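# Analysis of the macromolecular model
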Amino acid sequence: MVDKELLDILCCPETKQDVELIEGEVVKKINEKIKSGELKNRGGEVVKEPIDSGLLREDRKYLYPIREDIPIMLIDEAIPFGEFDS
């Protein structure tokens, strides 16, 4: 689990917007899309590794993946979130 204090200071590296932790069903849907080989990150690369959770940008456009308790805060690694926003 990502440390609460770390979450409080993290922000989007592009826009500096706050981010919120996303877990549960949404992560399950994202991982299903990753498993099918259909999900591309912002850099246009197919995402191959499942995520444990994610940090969603305040405008809900992009999610930064978290793997093994490490937030991947790289702009090109962000996952477009639109289709998962319900």
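Just so it is clear, the model here is predicted, and its values are computed rather than measured.

## Side note on the confidence of the model for the protein
Low pLDDT marks regions whose predicted coordinates should not be analysed in detail. With 99% of its residues at a pLDDT of at least 70, the protein reaches an overall mean of 94. Between the elements of the protein, mean pLDDT differs from a low of 82, seen in helix α1 (residues 4-9), to a high of 98, seen in strand β5 (residues 79-80).

## Looking at the nonpolar core
Formed by Ile22, Val27, Ile30, Ile34, Leu39, Val47, Ile51, Leu56, Leu63, Ile79, Phe81 and Phe84, the largest nonpolar core amounts to 12 residues. Beyond its immediate sequence surroundings of up to four residues, Leu39 is in contact with Ile30, Lys33, Ile34, Glu45, Val46, Val47, Ile79, Glu83 and Phe84. Counting 11 residues, the second-largest nonpolar core is a separate cluster that includes Leu7, Cys12, Ile66 and Ala78.

## A word on the pattern of salt bridges
The final tally for this structure, using the stated rule, is 7 salt bridges. Among the salt bridges present, the one from Glu20 reaches Arg60, with a minimum N-O distance of 3.4 Å. With Glu20 in strand β1 (residues 19-22) and Arg60 in the loop between β2 (53-57) and β3 (62-67), this pair connects stretches of sequence that are 40 residues apart. Ionic pairing is found between Glu83 and Lys33, a salt bridge with its closest N-O pair at 3.1 Å. One end of the pair, Glu83, is in the segment after β5; the other, Lys33, is in helix α2 (residues 25-35), with 50 residues separating them in the sequence.

About the thresholds
Residues numbered from 1 in each chain as written. Predicted model: local features only at pLDDT ≥ 70, side-chain atom pairs only at ≥ 80, totals over all residues. Heavy atoms only, no water. pLDDT = per-residue confidence, 0-100. Helix = DSSP H or I, 4+ residues; strand = E, 2+ residues; numbered from the N terminus. Core = buried A, V, L, I, M, F, W, Y, C linked by side-chain atoms within 4.5 Å. Buried < 20%, exposed > 50% of the residue type's maximum accessible area, 1.4 Å probe, protein only. Contact = heavy atoms within 4.5 Å. Salt bridge = Lys/Arg side-chain N within 4 Å of Asp/Glu carboxyl O.

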